[in-house]
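Coordinate analysis (summary)
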Amino acid sequence: MARKKIALIGGGQIGGVLAQLIALRQLGDVVLFDIVEGLPQGKSLDIVEASRVDGFDVNVKGTNDYKDLEGSDLVIITAGLPRKPGMSRDDLLTVNAKIMKSVAENVKQFAPNSTVIVISNPLDAMVTLFQKITGFPHNRVIGQAGVLDSSRFSTFIAWELGVSVKDVNAMVLGGHGDTMVPIVRYANVNGIPVMELLERKYKDSVKAKEVMAAMVKRTKMAGGEVVELLKTGSAFYSPASSAIAMAEAIIFDEKRVLPTCAYLQGEFGVSGYYVGVPTVLGANGVETVVEFSLDTEEQAALDKSVASVKELVEAMTRLGF
Ligand code: A3D
C-alpha cells in the first residue's frame, strides 16, 4: 500500500508537533507548508535527522510552495495567529479569516481530493469558511476541538478521582469557545457515572456537584489557562495529539466515535452550521453524526453555544468572508 501523503498548512507550534508525531507514528509522508521562508524547511530537516534514532521511514518536506500539496490525502490546517493573554478566540476572527481564505483557495487548487482537519481559531468559523470557499463535501471538512476539550475534561476527572485517565470517558459538545458544553450526565469511569463516584467520595451530593461544576468551569477555560501561563502563544502539544487521533481514525478507517466539529443538518436541532458533536470518523471523514437525547438543561446549554457560533459566522459574513 502506498504511503499516505499528509499536508500540514502552518509550520508553527502545532504544525511542528504534528509533523513529528506523524513521523514517529509513520502515518505517511509529510509536507509542512508555511509562508515564512526557512521555517518549515528547518523544522522538517530537524525532524528527519532524528529518523535513524527514532527508526522511522517517512519523508518530511518543508516548503513555501503550495504546489507541493499535490496528491495529498489529508490536510491539517493550523495557519493563523494563536491567542495572547487576555484575548478570546473570537478576537482572532478578522486576521485568521484572511489567512484561511488564501489557504482554502490553495488547498482547493492543489489538493482537491483531500480530507481536511482545521485547527485554526476561532475554530467553528474557520471550518465554515474553509468549506464555503472550497465547496468540498461537508463530510471531508471537519474541525478539531472536541477531542481536546474532552481530553482536558477527562484529565481533570482522573486527577480528582485518583484513577487512570485511560478509564475516563467524558465528552464536550458545542462550539469551541467559552460556551462549550461538557456533558456531565454521561461522564463515566469504565461505565460508572462520575457523579456517583464523586458523591461516594464526598458523602455529600451538594459538595459533589460543586466539585463537578469546578471541573466543568476549568474545562471551558482550559485553553485560556495555558495561554496565561505561556504568555507567548497557546496550547500546542495537546491540540496536535488530538488532531492525530482524528487523522488516524480517517487513515485507518477506524470508525472511532470522536467529538468533531461537523456540519449539522437537523441533528441536535441544528441546521446549516458546524458545531462540535459526536461523530463516527472513518475513511470518508464524518460518516455519521451520532445523535443522543439531551436533557432540557443540556439542550439549553447546546443551544446557547450554537447561538454564539451563529453570531461568529454572521460577524464573519459581515466582514465580507
Ligand atoms: P503559531 O505557532 O503562530 O503557528 C501558526 C503558523 O501559521 C505560523 O508559523 C505562521 O507563519 C503561519 N501562517 C500565517 N499565515 C499563513 C498563511 N497565510 N499560510 C500558511 N501559514 C501561515 O500558532 P499555533 O501553531 O500555536 O496555533 C495555530 C492555530 O491553532 C491558532 O489559530 C490557534 O488559535 C489555534 N489553536 C486551536 C486549538 C483548537 O483546539 C481548535 C488549540 C490551540 C490552538
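The present account deals with the structure reproduced in this document. Small disclaimer: the values here were computed from a predicted structure and weren't measured.

Moving on to the pairing of strand 4 (residues 74-77). Alternating residues of strand 4 divide into L74 and I76 and V75 and I77, and every residue in both groups is buried. Pairing of strand 1 (residues 5-9) with strand 4, which is carried by four bridges, proceeds in the parallel orientation. Bridged to I9 within strand 4 is I77. With four bridges connecting them, strand 4 and strand 5 (residues 115-118) associate as parallel partners. Looking at strand 5, one finds that I76 is bridged to I117. Crossover strand 4 to strand 5 through helix 4 (residues 93-110) is right-handed.

Below, the discussion takes up the sheet that holds strand 7 (residues 168-173). As summarised here, the arrangement of the three strands in space is 7-8-9, forming an open sheet in which the pairing is antiparallel. Here the strands that pair on one side only, and so sit at the sheet edges, are strand 7 and strand 9 (192-193). Note: strand 7 against strand 8 (residues 181-189), five bridges, orientation antiparallel. Across the sheet, the residue bridging to N169 is N188, located in strand 8.

With that settled, consider the layout of surface pockets. Looking at the largest pocket, its volume works out to about 790 Å³. Residue lining of the largest pocket: 41 residues in total, with T78, A79, G80, L81 and P82 positioned closest to the centre. Breaking the lining of the largest pocket down by element, the ones donating at least two residues are helix 1 (13-24), helix 4, helix 6 (146-161) and helix 9 (222-230). Partitioned by chemical class, the residues of the lining of the largest pocket number 20 nonpolar, 17 polar and four charged.

With that settled, the discussion passes to empty space enclosed by the protein. As enumerated under the stated definition, the model contains one cavity of 30 Å³ or more in all. Computed from the structure, the largest cavity encloses a volume of approximately 50 Å³. Within the residue set of the lining of the largest cavity, elements represented by two or more residues are helix 6 and strand 7. By residue class, the composition of the lining of the largest cavity is four nonpolar, five polar and two charged.

The rules behind these values
Residues numbered from 1 in each chain as written. Predicted model: local features only at pLDDT ≥ 70, side-chain atom pairs only at ≥ 80, totals over all residues. Heavy atoms only, no water. Buried < 20%, exposed > 50% of the residue type's maximum accessible area, 1.4 Å probe, protein only. Helix = DSSP H or I, 4+ residues; strand = E, 2+ residues; numbered from the N terminus. Pairing = 2+ DSSP bridges. Right-handed = clockwise from strand over helix to strand, strands pointing away. 1 Å grid on protein atoms, 1.4 Å probe; cavity = no way out; pocket = protein on both sides within 12 Å on 5 of 7 lines; lining within 4 Å. Points joined across faces, edges and corners; volume = space filled by probe spheres on them. Nonpolar A, V, L, I, M, F, W, Y, C, P; charged D, E, K, R; others polar.

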